[in-house]
Amino acid sequence: MQASHLKSIRNWGIRALTIAAFATVAAVSALPASAEDLWKTLPDPKPLPAPAETGYVPVGDVKIWYATFGKGDPVLLLHGGLGNSDYWGDQVPVLAENHRVIVLDTRGHGRSSRNATPYTYGLLASDALAVLDHLKVDKTALVGWSDGGIAGLDIAINHPERLTKLFAFGANYNTSGLKPDVDKDPVFSRYIEKAGQDYEKISPTPKDYGAFVEAIVGLWNGQPDYKPEQLAKITTPTVIADGEYDEGIKREHTEELAKLIPGAKLVILPNTSHFAHWQDPALFNKEVLTFLDGN
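Just so it is clear, the structure is predicted and the values come from calculations on it, not from any experiment.

About the cut-offs
- Residues numbered from 1 in each chain as written.
- Predicted model: local features only at pLDDT ≥ 70, side-chain atom pairs only at ≥ 80, totals over all residues.
- Heavy atoms only, no water.
- 1 Å grid on protein atoms, 1.4 Å probe; cavity = no way out; pocket = protein on both sides within 12 Å on 5 of 7 lines; lining within 4 Å.
- Points joined across faces, edges and corners; volume = space filled by probe spheres on them.
- Helix = DSSP H or I, 4+ residues; strand = E, 2+ residues; numbered from the N terminus.
- Nonpolar A, V, L, I, M, F, W, Y, C, P; charged D, E, K, R; others polar.
- Expected span 1.5 Å × (residues − 1).
- Buried < 20%, exposed > 50% of the residue type's maximum accessible area, 1.4 Å probe, protein only.
- Polar contact = N/O pair within 3.5 Å; in protein donor to acceptor, adjacent residues only side chain to side chain.
- Pairing = 2+ DSSP bridges.
- Axes fitted to C-alpha atoms, helices over the stretch in contact; angles between N-to-C directions.
- Contact = heavy atoms within 4.5 Å.
- Phe/Tyr/Trp six-rings, centres within 6.5 Å; stacked < 30°, edge-to-face > 60°.
- Lys NZ or Arg CZ within 6 Å of the ring centre and 35° of its normal.

A. Inspection of empty space enclosed by the protein at higher detail. Taken as a whole, this structure holds two cavities of 30 Å³ or more when the rule is applied. Approximately 230 Å³ is the volume found for the largest cavity. Forming the boundary of the largest cavity are 22 residues, of which Ser-146, Leu-178, Phe-188, Trp-220 and His-274 lie nearest the centre. Among the elements of the structure, helix H5 (147–158) and helix H6 (186–202) are those that each provide at least two residues to the lining of the largest cavity. The calculated volume of the second largest cavity comes to roughly 100 Å³. In terms of lining, the second largest cavity is formed by 15 residues, of which the most central are His-79, Thr-106, Leu-124, Gly-148 and Ala-151. Each residue belonging to the lining of the second largest cavity can be placed in one class, and the counts come to seven nonpolar, six polar and two charged.

Structural data, given as structure tokens:
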């Protein structure tokens, strides 16, 4: 992604704290989507159900918030950049019927704190493993969206013993996979603004969204950078998935990522974008459950 476009994303984040567009975003999100244009919408996810357990895991001077739901084989859900665990509201109740579902807020996101340490996907992966260690979960399936999917790739590369399966949605393996005009997309723009509104509601540093976005843009500017030989060593059963109209990831890049991971399955969800888990949660959940349970 070009530096000018990343600057635009940062400016969206800063602007999101001050402009009245929040009301417009909420109104647009509440509108029913027609079957013809789901990928042009940004529906609000359902609220998370009551958790079985919640708390914070200290990682140095950072506190990572987590929650668990249901019982059964574990599945860890990792959200995308600028988001939080509430964004899995359409997935948790379905998965928790037969699984112990674990969600966490990535450092600096949602209810979790951050420090001055620069973001890397290896750092996000180590935070996730710290939560699993706290919960005494040795191995888990992982469903990751966007940055969460990239963190899942990092775990599959560097800590394969911790994963049973990986469902990576909307992930890229290097920066060449990013579309250069994502900053001009209205749906992605609304997401940046929505994330800013939600950040202000639940973050321990609610007025810090601008600096937070700048830190995340620093991550997006140079990472990830996984080599084909690293991806070729992944042994975890993997699905590489994306929406048909992803605003930020090139289709050919997603297809190449699936080819580089031995045995990986490519899944493209029709009529959806980078936000398919909101736009068509029934289809998204069906693909996840088919992969996790063979249903």
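Okay, back to it.
B. Molecular detail of H6. Between its terminal C-alpha atoms H6 stretches 25 Å, which fits the 24 Å expected from 17 residues at 1.5 Å a residue. A large share of H6 lies buried, amounting to twelve of its 17 residues. Considered for burial, the residues of H6 that qualify are Val-187, Phe-188, Ser-189, Arg-190, Tyr-191, Ile-192, Glu-193, Lys-194, Ala-195, Gly-196, Asp-198 and Tyr-199. Two or three places before Val-187, at the opening of H6, Asp-185 has a side-chain oxygen 2.9 Å from that residue's backbone nitrogen.

C. Spotlight on helix H7 (residues 209–222). If you check H7, its first and last C-alpha atoms are 21 Å apart, about what 14 residues at 1.5 Å a residue would give, namely 20 Å. Taken residue by residue, H7 has Tyr-209, Gly-210, Phe-212, Val-213, Ile-216, Val-217, Leu-219 and Trp-220 as its buried positions.

D. Main features of the sheet that holds strand S1 (residues 53–59). Sheet architecture is open: eight strands sit in the order S1-S2-S4-S3-S5-S6-S7-S8, paired in mixed fashion. Either end of the sheet is taken by a strand with one partner, and the two such strands are S1 and strand S8 (265–269). Geometrically, the sheet is characterised by an average inter-axis angle of 20° between neighbouring strands, direction not taken into account. The strands touched by H5 within the sheet are strand S3 (73–78), strand S5 (140–145), strand S6 (163–169) and strand S7 (238–243), with S5 carrying the most contacts at an inclination of about 140°. Each of S7 and S8 is contacted by helix H9 (residues 251–260), which is oriented at about 155° to S8, the strand it contacts most.

E. The arrangement of the packing of aromatic side chains in detail. A complete count under the given rule lists 19 aromatic pairs for this structure. Between Phe-169 and Phe-284, the ring centres sit 5.4 Å apart and the planes meet at 70°, which makes this aromatic pair edge-to-face. Note that Phe-169 is positioned in strand S6 and Phe-284 in helix H11 (residues 281–293), a separation of 115 residues in sequence. Looking at Phe-169, the relative accessible area reads 0%, which means it is buried. Measuring from ring centre to ring centre gives 6.0 Å for Phe-275 and Trp-278, while their planes differ by 20°; the resulting arrangement is stacked. Per residue, the accessibility class of Phe-275 equals that of Trp-278, and both read buried. Every member of this aromatic cluster is reached through a ring pair, and the members are Tyr-87, Trp-88, Trp-145, Phe-188, Tyr-191, Phe-275 and Trp-278. Over the ring of Trp-65 we find Arg-111; its NZ or CZ atom is 4.0 Å from the centre of that ring.

F. Representation of the side chain of Ser-203. Within the secondary structure layout, Ser-203 lies in the loop between H6 and H7. Ser-203 gets classed as buried once you look at its relative accessible area, which sits at 9%. A distance of 3.0 Å separates the side chain of Ser-203 from the backbone nitrogen of Thr-205, its partner in a polar contact.

So, to be careful, I would describe these as geometric facts and stop short of saying anything about function.
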